[in-house]
Amino acid sequence: MDSADFVIVGGGIAGLSLAAQLGGTGRTVVLEGEQALGYHSSGRSVTFSHYGIGNATVRALTRWSRGFFLAPPDGFAPLCHRMPALFVATAEMLDTLAALEATTRGLSPGVESLDAGGMRALCPVLRLGDDAIVAGFADHDGLKLDADALLQGYARAVRAGGGRVETDAAIAAIAHDGSAWVVTARDGRRWTAPVLVNAAGAWADAVAALAGVAPLGVTPLRRTIIVVDAPDGADTRGWPFVKSAVDDFYLMPESGRLLVSPVDETPSAPCDAQPEEYDIAVAADRLTHFTTIVPRRIGHSWAGLRSFARDRVPAAGFAPDAPGFFWLAGQGGYGLQTAPAMAAIAAALITGAPAPDMAGVTPAAVTVDRLYG
Ligand SMILES: Cc1cc2nc3c(=O)[nH]c(=O)nc-3n(C[C@H](O)[C@H](O)[C@H](O)COP(=O)(O)OP(=O)(O)OC[C@H]3O[C@@H](n4cnc5c(N)ncnc54)[C@H](O)[C@@H]3O)c2cc1C
């Protein structure tokens, strides 16, 4: 049996970022059930960092994390490049757009109100007019993140700090022997540590059940992405991430093609999520509503799970009913853009060290305590 100070179940962005952060405070082992890190949600994201999602706590976590992405520590490849976010509204969405613009102005110096010409200059395929987009604003400080560079950078940091990252290590049993947690993989391998971190994404409640710990109520919601060709001859390199103010459509340019989502949130059991025909059709329909593009064929599509606590704020902290059992769950639709901040807070909660000052967020805002009782 391999012993460590911290055993982390889940090799997605949550588990790896926390493991890297804990380096130097003890020996860490990350256990991922799949053969590849980030196989589930963390590898299925569109990995864009912006303020058009989540509540004030999520936005503050997003803001604090930007420094890490823009100037990562040694050992990380470049993690991001700038891409504007363009938030658009039809006539019925104007109030929501105005509120979002006011909020975003308070967080980003890069906000610009745009008229039709300004929106068209940024994204020439938008469908503008009384029956379509009537208003919009840009945040020129959006960041397109590189999920793979982030995951691999964190994994390298874990190893450089003396920790281990094991794939193909699906945990099937968890017990407490009176002084430490003992986790057993499906193939019989075992690890032990006084602190067990549950960073199992959509499976967070299932992993808690293995340990006999009460569930937190983490709900996986499926989200679909379709990939379509850009119009012939279009140079999409300067195009923005485009999102409707009420969360029913987004589009992102990537490698000359367009990723499009109907922003679906369908409850799902934890699983290897697959796109449904209906959601693919809705994505194509919304694309024709918000843009002048008529998709000729849908090259590829995928789905992933975004898992939320009931208040949609990520959750970190020790379970009150199980000493040494630590939750890092409910990253929802912002697990990548908030990862550096959540890892810093989670590590502080585990080690007892003070959390960094994150204008607007204290550890109390994200601790699991709020979800019990
Ligand atoms: C379509 C889509 C678009 C998104 N866009 C964005 C975006 O633009 N920006 C952003 O910040 N976020 C985005 N997200 C959200 C983001 O992907 C998630 O918040 C984040 O990946 C969650 O990370 P995680 O580590 O908690 O979960 P995961 O990446 O799912 O990792 C959990 C891991 O735990 C493992 N596991 C579970 N049970 C066990 C077990 N018993 N034993 C061993 N291992 C186990 C799983 O195999 C899994 O790899 C998007 C998500 C989707 C689906």
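Each remark here, short or long, concerns the structure printed above.
Residues numbered from 1 in each chain as written. Predicted model: local features only at pLDDT ≥ 70, side-chain atom pairs only at ≥ 80, totals over all residues. Heavy atoms only, no water.

Considering the site of the ligand
Looking at the ligand, there are 39 residues lining it, with Glu 32, Ser 42, Phe 48, Gly 332 and Gln 337 nearest. One of the side-chain N or O atoms of Gln 331 is found 3.4 Å from an oxygen atom in the ligand. A distance of 2.7 Å separates an oxygen atom of the ligand from a polar backbone atom of Gly 332. Surface burial for the ligand is 95%, taken as the share of its 1000 Å² of free accessible area covered by protein chains. For the shell around the ligand, the secondary structure elements donating two or more residues are α1 (13–22), β15 (219–229) and β20 (298–308). With 3 residues, β20 is the single largest residue contributor to the shell around the ligand. In terms of residue class, the shell around the ligand is built from 18 nonpolar, 16 polar and 5 charged. In this structure, the shell around the ligand is formed jointly by two domains, domain 1 (2–46 + 147–218 + 311–371) and domain 2 (84–141 + 220–307), each of which donates at least three residues. (Near = heavy atom within 4 Å. Polar contact = N/O pair within 3.5 Å; in protein donor to acceptor, adjacent residues only side chain to side chain. Areas by Shrake-Rupley, 256 points an atom, 1.4 Å probe, with all protein chains shown as cover. Helix = DSSP H or I, 4+ residues; strand = E, 2+ residues; numbered from the N terminus. Nonpolar A, V, L, I, M, F, W, Y, C, P; charged D, E, K, R; others polar. Domains from an automatic or database assignment.)

Thoughts on the packing of aromatic side chains
One pass over the structure, following the stated rule, counts 12 aromatic pairs. On the numbers, 5.5 Å between centres and 15° between planes, the contact of Phe 68 with Tyr 154 is stacked. A residue pair is termed long-range when its members are at least 10 positions apart, and Phe 68 in helix α2 (residues 56–70) and Tyr 154 in helix α5 (residues 147–160) qualify at 86 residues. Here Phe 68 and Tyr 154 have matching classes, each one buried. Note on Phe 308 and Tyr 334: the rings are 6.1 Å apart at their centroids and 80° apart in plane angle, and the pair reads as edge-to-face. (Phe/Tyr/Trp six-rings, centres within 6.5 Å; stacked < 30°, edge-to-face > 60°. Buried < 20%, exposed > 50% of the residue type's maximum accessible area, 1.4 Å probe, protein only.)

Observations regarding the side chain of Asp 139
Residue position: Asp 139 is located in strand β8 (residues 135–139). A polar atom in the side chain of Asp 139 sits 2.9 Å from the backbone nitrogen of Asp 141.

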